[in-house]
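Reading the structure
Below are the chains, spelled out letter by letter.
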Amino acid sequence: MQKQLKILFIRFSSIGDIILTTPIVRCVKLQVAAQVHFLTKKKYNILIENNKYIDKIYLLDNSKTIYSQLEKEGYDYILDLHNNLRSNYIKFKLSIKSYSVSKNILEKYLLINFGINQLNNHVVNRYFKTVNFLNVKNDKLGVDYFLKDEKNLNYDYKQAYLAWCIGGTYEQKKLSINQIKDVIDKVDLPIVLLAGDDEKAYANDIIRISKNKNITNFCGKLSINESAYLIKYSKLFLTNDTGMMHIASSFDVPIISFWGCTKPSLGFYAYQAKKSLMNIESKNSKRPCSRHGSNCRYKKEGCIKTISSNEILKNINSILD
């Protein structure tokens, strides 16, 4: 009887990047029938704790016992989908055959600085290169996000409403208050605003100046899972380049995403969205300003601020109609 392989996936952060590992996790589990373990940071456990294709999760903390725990597992292979100093140290400590995703540093440099795109694929496709040796193929079924129990948020899911994630890692990745306000003023449906604590006041300002009086501010009030429920049952999800965009792509909901300093050409757009996906980009340039959106070569506050509210509204209406 052939021995069942035991494989450790490594991806420490962040929300979107971890969600984008789920296609390869699923395909390895189903096509190789291996035991699949996953190593990530403790705060991201919620993203994969209900994933039926993962047999065991290890959570990274400040404890040195993690290395001895991993050693005892007797892994056959490590698939390093992060490829940083910490993951390389773990691979060194375990001394197990490993395969790592390429950072494509040169290709990203050429794209950002000269507009030469030699990437031409999604990061998920780059992940799959690490399992060529196992002859694992991409099943093209998109990402997974499993909701275990549906929570009661005292919100009427049966009504038609739009969910809008107004957050972003950097100011340069966020639409402005006025852009959002100008759009929702002309939308008849209720709106739920989603983001973290940092956007709570931002959302309140939108509500204060908007003519639309059917807006609910959930910023800083919900867990990732609770936000996911609201997205799942929405008529349409609007978002900046965020981790919630990738969670939304696992649901049967249309997505409109907004891009300025970062661009879909970097390969981190919503992957295989199950309904329609519209990427609205600033017209300043077809090339990204930076890898993570922390700076903009056109506007200090980010060229995403140049996207017109009329263009957003036109796309909303085309989906809702």
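In this report, the structure presented in the accompanying data block is examined. Keep in mind it's a predicted model, so treat the numbers as computed, not measured.

Conventions and cut-offs
Residues numbered from 1 in each chain as written. Predicted model: local features only at pLDDT ≥ 70, side-chain atom pairs only at ≥ 80, totals over all residues. Heavy atoms only, no water. Helix = DSSP H or I, 4+ residues; strand = E, 2+ residues; numbered from the N terminus. Rg over C-alpha atoms; globule rule 2.2 N^0.38 Å. Buried < 20%, exposed > 50% of the residue type's maximum accessible area, 1.4 Å probe, protein only. Contact = heavy atoms within 4.5 Å. Areas by Shrake-Rupley, 256 points an atom, 1.4 Å probe, with all protein chains shown as cover. Pairing = 2+ DSSP bridges. Axes fitted to C-alpha atoms, helices over the stretch in contact; angles between N-to-C directions. Core = buried A, V, L, I, M, F, W, Y, C linked by side-chain atoms within 4.5 Å. Polar contact = N/O pair within 3.5 Å; in protein donor to acceptor, adjacent residues only side chain to side chain. Parallel < 35°, antiparallel > 145°, perpendicular 65-115°, else oblique. Left-handed = near helix turned anticlockwise from the far one by under 90°. Nonpolar A, V, L, I, M, F, W, Y, C, P; charged D, E, K, R; others polar. Phe/Tyr/Trp six-rings, centres within 6.5 Å; stacked < 30°, edge-to-face > 60°. Lys NZ or Arg CZ within 6 Å of the ring centre and 35° of its normal. Patch = residues over 30% accessible without salt bridge, like charges linked within 9 Å, V, L, I, M, F, W, Y side chains within 5 Å. Salt bridge = Lys/Arg side-chain N within 4 Å of Asp/Glu carboxyl O.

Re the overall build of the protein chain
- Counting its secondary structure elements, the protein chain contains 12 helices and 11 strands.
- Against the compact-globule benchmark of 20 Å for 321 residues, the protein chain has a radius of gyration of 20 Å, which places it among compact chains.
- Once the C-alpha set of the protein chain is aligned to its principal axes, its extents read approximately 65 × 50 × 35 Å.
- The buried share among the 321 residues of the protein chain stands at 54%.
- Partitioning the contacts of the protein chain with sequence separation of at least 6, the portion at a separation of at least 24 is 64%.
- For the protein chain, the computed accessible surface area is about 15000 Å², with 46% contributed by carbon and sulfur atoms.

So, the sheet that holds strand 1 (residues 6–10)
- Pairing within the open sheet is parallel, and its five strands lie in the order 3-2-1-4-5. Whereas interior strands pair on both sides, the edge strands pair on one side only; in this sheet they are strand 3 (56–60) and strand 5 (98–100). Shown here is a sheet whose adjacent strand axes are inclined to one another by a mean of 20 degrees, direction ignored.
- Bridge analysis of strand 2 (residues 35–41) against strand 3 gives five bridges, and the strand direction is parallel.

Here's the deal with the nonpolar core
- Ranked by internal contacts, the top residues of the largest apolar core, which has 54 residues, are Phe-9, Val-28 and Phe-237.
- Ranked by size, the runner-up nonpolar core spans 26 residues in total, among them Leu-162, Leu-193, Ile-280 and Ile-312.

Quick look at the side chain of His-37
- Within the secondary structure, His-37 sits in strand 2.
- A residue is classified by how much of its surface remains accessible, and His-37, at 2% relative accessible area, is buried.
- At a separation of 3.5 Å, a polar atom in the side chain of His-37 contacts the side chain of Gln-35.
- Only 2.8 Å separates the side chain of His-37 from the side chain of Tyr-75, close enough to count as a polar contact.

Structural notes on the packing of helix 4 (residues 65–73) against helix 5 (residues 85–94)
- Axis separation between helix 4 and helix 5 bottoms out at 10 Å; the angle between their running directions is 55 degrees. Our classification of the angle between helix 4 and helix 5 gives oblique. You can see that helix 4 and helix 5 cross each other, and the crossing is right-handed. Residues Tyr-67, Leu-70 and Glu-71 of helix 4 form the contact with helix 5, whose participating residues are Tyr-89, Ile-90, Lys-93 and Leu-94.
- By residue class, the composition of the contact of helix 4 with helix 5 is five nonpolar, no polar and two charged.

Let's talk about the packing of aromatic side chains
- Within this structure, the stated rule accounts for nine aromatic pairs.
- Taking the centre distance of 3.9 Å and the plane angle of 10 degrees together, the rings of Tyr-99 and Phe-133 count as stacked. Taken together, the residues Tyr-99 in strand 5 and Phe-133 in the loop between helix 7 (123–128) and strand 6 (162–165) connect sequence positions 34 residues apart.
- Overall, the relative accessible area of 25% leaves Tyr-99 in the partly exposed class.
- With a relative accessible area of 31%, Phe-133 lands in the partly exposed category.
- Every member of this aromatic cluster is reached through a ring pair, and the members are Tyr-77, Tyr-99 and Phe-133.
- Geometry around Tyr-202 places Lys-174 over its ring, the cationic atom sitting 4.8 Å from the centre.

So, the sheet that holds strand 6
- Pairing in this open sheet of six strands is parallel, and the strands run 8-7-6-9-10-11 from one edge to the other. The open sheet has two edge strands with one neighbour each: strand 8 (215–217) and strand 11 (277–281). Sheet twist, expressed as the mean angle between neighbouring strand axes with direction ignored, is 20 degrees.
- Sheet analysis places strand 7 (residues 191–194) next to strand 8, joined by three bridges and oriented parallel. Considered in strand 8, the bridge of Leu-193 is made with Asn-217.
- Running at roughly 165 degrees to strand 8, helix 9 (residues 200–209) makes contact with strand 7 and strand 8 of the sheet.

Some details on a nonpolar patch on the surface
- The grouping of Leu-106, Tyr-109, Phe-114 and Ile-116 at the surface amounts to a nonpolar patch, some 430 Å² of accessible area in total.
- Within the secondary structure layout, Tyr-109 lies in helix 6 (residues 105–114).
- Here Tyr-109 falls in the partly exposed class, since its relative accessible area comes to 46%.

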